[in-house]
Amino acid sequence: MATAAGVSQATVSLVLGDKWRGRVSERTAAHVRHTATTLGYRPNLAARNLRLGSTRTALLVVPALTNEFFARVYTGAARIAAEHGFGVVLYPSPDGTGPARDPFPSASTALDGVIASSMAAHALDAIGGDTELPLVMLDSDPTATRASAHVNLAMADGMRQITEHLLTLGHRRILHLASAVDSWTFDVRAHALAALLPPHAELRTVRAPLTVTGARTAMETALAAPGTRPTAVVCDDDILAAGTCKAARRLGLRIPEDLSVTGFDDLALATAVEPELTTVHLPAERVGEQGMTALLAVLDGTPWSAPDLPVDLVVRASTGPAPA
């Protein structure tokens, strides 16, 4: 390969290892890549990894595979990883957001680093043992000191957008359907909603499992309870919002004429229900991209930080003026 390209083996290694910038000219790098393509050359990754003490593999830990958000995070992370010759192993933690078990006999010998989405840093203690593998936390508590880098979304701003939307429509009796999952990301949403409502507004909180059935059951009870019914339900997730819509229909309530409903995430589910959900769009693929970019920077010894990723309210047909 080096002979065919007319360059040294070191130059070939730099270019194909994507470490040529500042060491090799762009023209030479392009020539080496073209030669490799023409020859059908593929580097011996096993030999290189053994030589460098690197596996070029990252572990992405998520609480569940049933939520589309995490699939999108993986797509973004895998895209950036592939551009840099890395692979990403997706690991759904058997205990959800609880302590994750090490999926390998020794993660430190199988991995270069760990990316964890929507989990607490202490839940990753078993992965990597005492080697302190580089850890990048996504959608998690930014004060966690174990993490080498954090990637977060502007969750509080998303809740601000929902609250202002509902207040503008005249809603003052609001029910928060909160996820029963103990997670920093859901705590942020709850605190933001409570802080943003004016003193004369009424806020009630009901918790439900993060399933359509769990949400439907909880909301059937809440909406049928004696007393003044809420005019809007703010849900921590689109899945909870879908369950709320089912409960409302079973009780003969019209959405949005009798009850407005909002979600969070903007999953495919948001446009599959009728009426379509007003929800906060979370750029999940971008979260994965930044997570992998952060891990690559940490592995390269480069400090990494970035502002929270912006989120946007998508107004659809599930919200309307508060009933008289």
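Residues numbered from 1 in each chain as written. Predicted model: local features only at pLDDT ≥ 70, side-chain atom pairs only at ≥ 80, totals over all residues. Heavy atoms only, no water.

Another aspect to go through is the pairing of strand 4 (residues 135-138). With burial as the criterion, each face of strand 4 is covered, one bearing Leu135 and Met137 and the other bearing Val136 and Leu138. Two elements, strand 3 (residues 113-117) and strand 4, share 4 bridges in a ladder whose sense is parallel. Opposite alanine 116, over in strand 4, you have methionine 137 as the bridge partner. Sheet analysis places strand 4 next to strand 5 (residues 149-151), joined by 3 bridges and oriented parallel. Each residue of the ladder has a partner; that of valine 136, found in strand 5, is alanine 149. (Buried < 20%, exposed > 50% of the residue type's maximum accessible area, 1.4 Å probe, protein only. Helix = DSSP H or I, 4+ residues; strand = E, 2+ residues; numbered from the N terminus. Pairing = 2+ DSSP bridges.)

Pairing is parallel across the open sheet formed by 5 strands, whose spatial order is 2-1-3-4-5. Each end of this open sheet is capped by a strand with a single partner; those strands are strand 2 (87-92) and strand 5. Adjacent strand axes in the sheet meet at a mean angle of 20 degrees, parallel and antiparallel pairs treated alike. Bridge analysis of strand 1 (residues 57-62) against strand 3 gives 4 bridges, and the strand direction is parallel. Residue pairing in the sheet places leucine 60 in a bridge with isoleucine 115 of strand 3. Packed onto the sheet, helix 5 (residues 68-83) meets strand 1, strand 2, strand 3 and strand 4 and runs at close to 160 degrees relative to strand 2. (Axes fitted to C-alpha atoms, helices over the stretch in contact; angles between N-to-C directions. Contact = heavy atoms within 4.5 Å.)

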